[in-house]
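Fold and contact review
Okay, here's what each chain looks like letter by letter:
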Amino acid sequence: MKKPKNKKSVRLVPHIYPTRYNLTLKPDLENFTFSGSEVIDITIDKQTKVITLHARDLEIESASIKIGKDNIFAKKIAYDKKSETVTFDFAKSITGKVKMTIVFQGIISEGLRGFYRSKYVLDGKTRHIATTQFEATDARRAFPCFDEPAHKAVFDVSLIIPGDHTAISNTLPKSIREHEAGYKIVEFSPTPRMSTYLLAFIIGEFEFVEGVAEPASRATSTKVRVFTTPGKSHQAKFALDVAIKCLEFYNEYFGIPYPLQILDLIALPDFESAAMENWGAVTFREAALLVDDEHTSLANKQWIAIVIAHELAHQWFGNLVTMEWWTDLWLNEGFAEYLEYVCVDHVFPKWNLWDQYLGERYSIALRLDALENSHPVQVTVHHPDEISEVFDMISYAKGSAVIRMLAEYIGPDKFREGLSHYLKKHSYKNTQTTDLWEAFEKVSKKPVKKIMQNWTGKTGYPLLTLSKKGKTYSVSQERFFSSRISSKKDKEKTLWHVPFAYESDSEQLKELLTKKSSPLIGTSIGKINRGESTMARVRYDKETLDRLKDETQQGKLATHDRLGVVRDLFALAEGGYISTDEALEFSLIYKNETEYVVWSEVALGVNRVYNIVRSSLDKKITQRYKAYALSLFSPIAHKMGWNAKDGEVHSCTFLRNLALSQAGMYGDTKVINEATKIFKNRKKNPIRPDIRSVVYGIIAQNGGIKEWQEFKNLYDRESLHEEKDRYARAMTMFRDRKLIGETLKFALSSDVRSQDAPHLLASIWSNSSARDTTWKFIQKNWPTILTRYGEGGHFLSRLLSPLGAHTDMKDLADAKKFFKTHAAPGSARTLEQAYERIESNVAWIKDDKASIKNWLNKNY
């Protein structure tokens, strides 16, 4: 990969830092502007005549320093747009503790960053909310500040708002009083010492439901509230219940009580991510928080619980203890992702969430970090443009995967003890990754730092190869690549310390591989990396693989291990380590599989091969491939049926949806006909929420203009965000080129909220029938896309990711040419990953075309 040019660091000087902000803001929700003033308590350790703070899109009216009784006004105020700073020049040298007063004004933007506005319709009238999103570097859009995580301070917030509105911030109000005609001033209690990106304030008309979290370990209970726009508070009850249970769990798990009196969860109509962990005032997009009893699917309900658990984990891991700089973002996100599963598995033990983790987030980590153009978990960043790039699945998914591996290695009790020690030692402070390793080493007495340094400091992960020579087995390691081109170019010979479990002569053993190769004990080796606890791929000798095949067919392998074997085989085929027909042949033994997570991995592998087959081989071979896919998915789809059965487990809902959607996609006429019947009769027999997405998708894949218009009408009339999203997703799945064009125009229209458009465009682009049309549309409309989503955030990288599914070198050349002259802020790595994937797809089908064709002709 061409590494992005290092941009000049925009870090503030360390010898000038804040201790307290007294901030007052008055938003104007008609003209969408705000005025503000602040007094910052600043400590200056070296004499200076200049003070530099972060500021963006603000107009500063005045700035002064109070020293004793004297007020010294800045003689010059200079802005630097590139570094997003403002520098104040003073006539006298300043040192020690001072108070700085700044008067300023700004805009409540239409974007989803900084201090922005969100709109909704009530009783036919458009209403607005003023709200914030400051992570990573957008507090500077709302007030001049030291906008770096290490510059922690206490915040005293006062908001001057209309008398009939509600103000929410990180703490409870300590006073509410009249200000002037029609206005009131809400003064909030001081916050804990915290980073600027965790500050929040939200102004609007709200309803709420409330309850109390009462952990046994503290005398004072915590008030928990869930806020919604008017008329939706009945949809907040599930979130309230989950939040209370999660808060009580974390209090006990960490052994540290939640330090605030209040925990608010706020549902916003417009929000970039799923949620944001502002301390005490967690903000969500509506679909990630609200549950409607008649319309919410089990999948969405589960997602809501996970999102809540994630954000509440941050109240300790990220808020109480914060990374020193964005290089260690993974300390926030990787741990929050791991802990969300620990928590929800405790609250909802029947959901078997760890199975789903292995089939979903862990799989994402394996796929992304198999690219040459991945990045280490710890990646040095300088400019805000670079920070947005590390909010990706390496920080989240790989971060959580290596944490899970460490927890398995040192044991759950020592892991929990280590976390508690780390949090207690560094409360209200900032840390680096080494601080965490030291905490785990202290409690576990194991060389954690040495073991983990390459897992977080290096890109990639190992491929473990099992070999047999005579009667002796050995295992070796090398870096795994999903691209056969990348593996040939690899010159870096990283050695990981790889803890893994394996079966030897029916006994469970553990190994820590620290060298290139090491012998294994035993005369008969079974599954390597049992339980999939280590982030690695495994390649077996033929004898062992045949034995695993028999064990899988006989049901002797555990769910995690059945999943791992087939996942690795398809990945090995893609990377050129084995021939693709070997993976296809092995997949046939899964026809009697009963677990959703295993079927999910089978489907993923089958679909990846289908992507290169349908675009590169003739129609006759493509039809044979579809027959192969149906031989897998049709039996399980017909067995599961469309209706839930009494007493079925949680995962059956997901298996049913997966099997029916796969069978429908590959052309099972029985499934398609039944979906059509269910859709036509929906007024008489409402479709169960759990199968709506499947039904809508099958109708769209086989529908025309009539069905498209029907989904569009349903979308326009619907108010529940979750159901609205289902209709919109269905519109992205049509196969007719004209209708694809209409959906693309729809995605960028005023009918679609700004927060949803990038996801819809990515969804259309992921539709193989829409690939070329979408790419042309993206290029043509890039100026509009860049205007909306080019300033920070993660939208552009998520939008561009489907480019990697293309299978034509002409598209690769076209994309490189286009982005050579068109900016894509925060997406350089995403583009390099997409280019690598396209090259890999082309090489894959070129190498394996004959073997795939022969296998299909022989079997189908």
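From a predicted model like this one, the values you see are computed outputs, not experimental measurements. Just so you know, the residues in each chain are numbered from 1, in the order the chain's sequence is written. Totals for whole chains, interfaces and linings use every residue, but because this is a predicted model, local features are given only for residues with pLDDT of at least 70 and side-chain atom pairs only at 80 or more, for both listing and counting. The side-chain figures draw on all heavy atoms in the structure; neither hydrogens nor water molecules are used.

1. A word on the overall build of the protein
The line we're drawing: Each helix corresponds to a stretch of at least 4 residues labelled H or I by DSSP, and each strand to a stretch of at least 2 residues labelled E; elements are numbered beginning at the N terminus. C-alpha atoms define the radius of gyration, and 2.2 Å times the number of residues to the power 0.38 defines the globule rule. Residues counted as positive are Lys and Arg, residues counted as negative are Asp and Glu, and His and the chain ends are not counted. Charge positions come from single atoms, namely NZ of Lys, CZ of Arg, CG of Asp or CD of Glu.
Each helix and strand counted, the protein has 28 helices and 27 strands in total. Relative to the 2.2 N^0.38 estimate, which gives 29 Å for 860 residues, the radius of gyration of the protein is 28 Å and therefore close to what a compact globule would have. If the 122 positive side-chain charges of the protein are averaged to one point and the 108 negative ones to another, these points end up 4 Å apart.

2. Quick look at the nonpolar core
As a reminder of what qualifies: To qualify as a nonpolar core, a set must consist of buried Ala, Val, Leu, Ile, Met, Phe, Trp, Tyr and Cys residues joined through side-chain atoms within 4.5 Å. Burial here depends on accessible area, computed with a 1.4 Å probe over protein chains only, as a share of the maximum for the residue type. Under 20% is buried, over 50% is exposed, and the range in between is partly exposed. Residue contacts follow a heavy-atom distance rule, with two residues in contact if any of their heavy atoms lie within 4.5 Å.
Grouped together as the largest cluster of nonpolar side chains are 295 residues, with contacts concentrated most on F143, Y250, F335 and F711. When neighbours within four sequence positions are excluded, Y250 is seen to be in contact with G255, A309, L312, A313, W316, L339, E340 and C343.

3. Observations concerning the pairing of strand β1 (residues 16-28)
Two faces, one strand: in a regular strand the side chains alternate between the faces of the sheet. Quick note on the threshold: When DSSP finds two or more bridges between two strands, those strands count as paired.
By the bridge criterion, 12 bridges tie β1 to strand β2 (residues 33-54) in an arrangement that is antiparallel. Bridge pairing in β2 links R20 to D41. What sits between β1 and β2 in their antiparallel hairpin is a turn of four residues, with F32 showing a positive phi close to 55 degrees. Inspection of the sheet shows β1 paired to strand β9 (residues 154-162) by six bridges, in the parallel sense. Bridged to Y21 within β9 is F155.

4. Concerning the sheet that holds strand β25 (residues 517-520)
Inclusion rule: Only the contacting stretch of a helix is used when fitting its axis, a line to C-alpha atoms as for every element, and angles between N-to-C directions run 0 to 180 degrees.
The strand order across the open sheet formed by four strands is β25-β22-β21-β27, and the pairing between neighbours is mixed. In this open sheet, the two edge strands, each paired with only one partner strand, are β25 and β27 (537-539). Neighbouring strand axes in the sheet, compared pairwise and without regard to direction, differ in orientation by 25 degrees on average. The pairing of strand β22 (residues 472-479) with β25 spans four bridges and is classified as antiparallel. From the neighbouring strand, Y473 faces β25, where its bridge partner is L520. Running over the sheet, helix α13 (residues 559-574) touches β21 (462-469) and β27 and is turned about 80 degrees from β27.

5. Observations regarding the side chain of T431
Looking at the element boundaries, T431 is found in strand β20 (residues 430-431). T431 has contacts with V321, T322, M323, E324, D328, L331, Y422 and H426, leaving out every residue within four places of it along the chain.

6. Structural notes on the pattern of salt bridges
Going by this rule: The term salt bridge refers to a pairing of a side-chain nitrogen on Lys or Arg with a carboxyl oxygen on Asp or Glu at a separation within 4 Å.
Evaluated as defined, the whole model comprises 50 salt bridges. For the salt bridge of E286 with K232, the shortest nitrogen-to-oxygen distance reads 3.0 Å. Residue E286 is located in the loop between β18 (281-285) and α2 (298-314), and its partner K232 is located in the loop between β15 (222-228) and α1 (237-254); the two are separated by 54 residues in the primary sequence. Judged by relative accessible area, which is 7%, E286 ranks as buried. The salt bridge involving R726 is made with E722; its shortest N-O contact spans 2.9 Å.

7. A closer look at the packing of helix α3 (residues 329-347) against helix α9 (residues 433-444)
Going by this rule: Just so you know how the angles are binned, under 35 degrees is roughly parallel, over 145 roughly antiparallel, 65 to 115 roughly perpendicular, and the rest oblique. Gly is placed with the polar residues, together with every amino acid not listed as nonpolar (Ala, Val, Leu, Ile, Met, Phe, Trp, Tyr, Cys and Pro) or charged (Asp, Glu, Lys and Arg).
The N-to-C vectors of α3 and α9 enclose an angle of 50 degrees; their axes lie 9 Å apart at closest approach. It follows from the interaxial angle that α3 and α9 lie oblique. Of the residues in α9, those in contact with W330, L331 and F335 of α3 are T433, L436, W437 and F440. The residue makeup of the contact of α3 with α9, split by class, is six nonpolar, one polar and no charged.

8. Considerations on the environment of L268
By the secondary structure assignment, L268 is in strand β16 (residues 262-268). Sequence spacing of L268 and A287 is 19 residues, and the spatial spacing of their C-alpha atoms is 9.2 Å. Sequence-distant contacts of L268, defined by excluding residues within four places in its chain, comprise Y116, I129, T131, I202, T283, F284, R285 and E286.

9. Describing helix α7 (residues 393-410)
Our working definition: Helix span, as expected, comes to 1.5 Å for every residue beyond the first. One axis fitted to the seven residues ending at a residue, another fitted to the seven starting there: the angle between these axes is the bend at that residue. In protein, a polar contact requires one atom able to donate a hydrogen and another able to accept it; more generally it is a pair of N or O atoms within 3.5 Å, and residues adjacent in sequence count only if both atoms are side-chain atoms.
Given a rise of 1.5 Å per residue, 18 residues ought to cover 26 Å, and the 25 Å separating the end C-alpha atoms of α7 matches this to within 8%. Bending of α7 peaks at approximately 25 degrees at the position of G399. Extensive coverage of α7 is indicated by the burial of 15 of its 18 residues. A distance of 3.1 Å separates the backbone nitrogen of I394 from a side-chain oxygen at the start of α7, and that oxygen is part of D392. One or two steps after α7, the chain reaches G411, where phi turns positive at roughly 95 degrees.

10. Here we look at the packing of helix α20 (residues 705-717) against helix α21 (residues 721-731)
Applied cut-off: By convention, the crossing between two helices is left-handed when the near helix turns anticlockwise from the far helix through less than a right angle, and right-handed when the turn is clockwise.
For the pair α20 and α21, the least separation of the axes is 9 Å and the interaxial angle reads 155 degrees. The orientation of α20 with respect to α21, classified from their angle, is roughly antiparallel. For the pair α20 and α21, the sense of crossing is left-handed. Residues W708, F711, K712, L714, Y715 and D716 of α20 pack against K724, Y727, A728, A730 and M731 of α21. Classifying every residue of the contact of α20 with α21 by side-chain character gives eight nonpolar, no polar and three charged.

11. Quick word on helix α28 (residues 828-859)
An ideal rise of 1.5 Å per residue puts 46 Å on 32 residues; α28 measures up with 43 Å between its terminal C-alpha atoms. When the local axis directions of α28 are compared, the greatest deviation, roughly 60 degrees, occurs at D848.

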